[in-house]
Amino acid sequence: MILWTDDTAAAYAELTANGVPALAPPHRWLDRLLIAWVADPDGNPIQIVQQL
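All figures in this text were calculated on a predicted structure; none of them were measured in a lab. (Residues numbered from 1 in each chain as written. Predicted model: local features only at pLDDT ≥ 70, side-chain atom pairs only at ≥ 80, totals over all residues. Heavy atoms only, no water.)

**Student:** Residue-level account of the nonpolar core, with values.
**Tutor:** Ranked by size, the top nonpolar core spans five residues in total: Tyr-12, Ala-36, Val-38, Ile-46 and Ile-48. Breaking this core down by element, the ones donating at least two residues are strand 3 (33-39) and strand 4 (45-51). Those residues in contact with Tyr-12 that lie beyond four places of it in its chain are Ala-22, Ala-24, Pro-25, Pro-26, Ala-36, Trp-37, Val-38 and Ile-48. (Core = buried A, V, L, I, M, F, W, Y, C linked by side-chain atoms within 4.5 Å. Buried < 20%, exposed > 50% of the residue type's maximum accessible area, 1.4 Å probe, protein only. Helix = DSSP H or I, 4+ residues; strand = E, 2+ residues; numbered from the N terminus. Contact = heavy atoms within 4.5 Å.)

**Student:** So, the sheet that holds strand 4: which residues are in play, and what are the values?
**Tutor:** Across the sheet, four strands lie side by side as 1-4-3-2; this open sheet has mixed pairing. In the strand order of this sheet, the two ends are held by strand 1 (2-4) and strand 2 (22-29), each with one partner. In this sheet, adjacent strand axes meet at a mean angle of 20° when their direction is disregarded. Pairing between strand 1 and strand 4: three bridges, direction parallel. The residue of strand 4 that forms the bridge with Trp-4 is Val-49. Here helix 1 (residues 8-17) sits on the sheet and contacts strand 2, strand 3 and strand 4; the angle it forms with strand 3, its principal contact strand, is near 15°. (Pairing = 2+ DSSP bridges. Axes fitted to C-alpha atoms, helices over the stretch in contact; angles between N-to-C directions.)

Put into structure tokens, the structure is as follows:
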């Protein structure tokens, strides 16, 4: 699943601060996106994305 946001870093910080399992911190991808990964309650990956 992909969730688009205006601020990947803030969304990732809020989710992980509230106990959502972190899979990968925010990082640049293809020099045009900022992405991060968290897990849903079943352990499935969720990608958080913003355009740079």
